[in-house]
Amino acid sequence: MASNTTNKLARISELCSDPTSPEFQELWLHFDEITNEGDFLHECAVGRRKYEECFTADDLVMWLIDNAYCASRAQGGRIGQSMLLANIFHHVVLGHAYKEFDPSSRVDVLRKGPSPDRAP
């Protein structure tokens, strides 16, 4: 088990730099699996508006750490930013579509899938 964790942590730079790498694709498939199961997604609020089937940046970073994709919030932030730029998820507030991923934010509300205002 420790070897598997060490191997995942050794590949962090690949996760951040190349969305076509096998490691990034493995991460995307795992993320897709957990978001399809429904336990990860929940209702989130931005101001007075509520959004269904969302998650926060903090939720994602904690999941990345818990699943040994990274060892720190800073590393989770870099991976989250790569996932955002790869259009795996988007900010629910379209004005924030290109905003940087904030790994400590419980306010940044994200939704799986490409942003509706970005071309696939």
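If you're wondering where the values come from, they're calculated on a predicted model, not measured in any experiment.

Caption draft 1: Region of interest: the packing of aromatic side chains. Under the counting rule described, the total for this entry stands at eight aromatic pairs. Here the aromatic rings of Phe-31 and Phe-89 are separated by 6.1 Å at their centres, their planes lie at 55 degrees, and the arrangement is tilted. Linking Phe-31 in helix 3 (residues 22–37) with Phe-89 in strand 3 (residues 89–91), this pair joins segments that are 58 residues apart in sequence. Summarising the burial analysis for this pair, Phe-31 and Phe-89 share the class buried. Relative to Phe-89, the ring of Phe-55 lies with its centre 5.5 Å away and its plane at 85 degrees, an arrangement referred to as edge-to-face. With Phe-55 in strand 2 (residues 49–56) and Phe-89 in strand 3, the pair connects residues that are 34 residues apart, well separated along the chain.

Caption draft 2: Local environment of helix 4 (residues 57–66). Residues Ala-57, Asp-58, Leu-60, Val-61, Trp-63 and Leu-64 constitute the buried set of helix 4. Along its buried surface, helix 4 packs onto helix 3, strand 2, helix 5 (73–85), strand 3 and strand 4 (109–112). Ala-68 sits one or two residues past helix 4 and shows a positive phi near 60 degrees.

Caption draft 3: Examining the nonpolar core more closely. With 21 residues, the main nonpolar core has Phe-31, Leu-60, Trp-63, Met-83 and Phe-89 as its most contacted residues. Those elements that provide at least two residues to this core are helix 3, helix 4 and helix 5. In contact with Phe-89, not counting residues within four places along its chain, are Phe-31, Phe-55, Leu-60, Gly-80, Met-83, Leu-84, Phe-101, Leu-110, Arg-111, Lys-112 and Gly-113.

Caption draft 4: Molecular detail of the confidence of the model for the chain. Looking at the chain as a whole, the pLDDT averages 77, with 72% of positions reaching at least 70. The weakest mean pLDDT in the chain belongs to helix 1 (residues 2–10) at 57; the strongest belongs to helix 4 at 91.

Caption draft 5: Spatial organisation of the state of the cysteines. Tallied over the entire structure, the rule returns zero disulfides. Its sulfur unpaired, Cys-54 is 5.2 Å from the next cysteine sulfur, which belongs to Cys-44. According to the relative accessible area criterion, Cys-54 is buried, its value standing at 0%.

Caption draft 6: Layout of the pattern of salt bridges. This structure, assessed with the given rule, holds three salt bridges. Note that Glu-43 and Lys-50 form a salt bridge whose closest N and O atoms lie 3.9 Å from each other. Residue classification places Glu-43 among the partly exposed positions, given a relative accessible area of 44%. With a relative accessible area of 56%, Lys-50 lands in the exposed category.

Conventions adopted
Residue numbering note: each chain is counted from 1, following its sequence as written. Reporting in this predicted model follows two pLDDT cut-offs: at least 70 for local features of residues, and 80 or more for side-chain atom pairs to be given and counted; totals over whole chains, interfaces and linings ignore these cut-offs and use all residues. By convention in this description, side-chain values take in all heavy atoms of the structure and omit both hydrogens and water. Note on aromatic pairs: the rings of Phe, Tyr and Trp (six-membered ring only in Trp) are paired at centre separations within 6.5 Å, and the planes decide the class, stacked below 30 degrees, edge-to-face beyond 60, tilted for the rest. Helix and strand definitions here come from DSSP, where helices need a minimum of 4 consecutive H or I residues and strands a minimum of 2 consecutive E residues; each element is numbered from the N-terminal end. Type-normalised accessible area, obtained with a 1.4 Å probe on protein chains alone, sets the label of each residue: buried when under 20%, exposed when over 50%, and partly exposed for intermediate values. Here a residue-residue contact requires only that any non-hydrogen atoms of the pair lie within 4.5 Å. The criterion is simple. A nonpolar core is a set of buried Ala, Val, Leu, Ile, Met, Phe, Trp, Tyr and Cys residues joined through side-chain atoms within 4.5 Å. A score from 0 to 100, pLDDT tells how confident the predictor is in each residue. A pair of cysteine sulfur atoms is labelled a disulfide when the two atoms are within 2.5 Å. The rule for a salt bridge is simple: a side-chain nitrogen of Lys or Arg has to be within 4 Å of a carboxyl oxygen of Asp or Glu.

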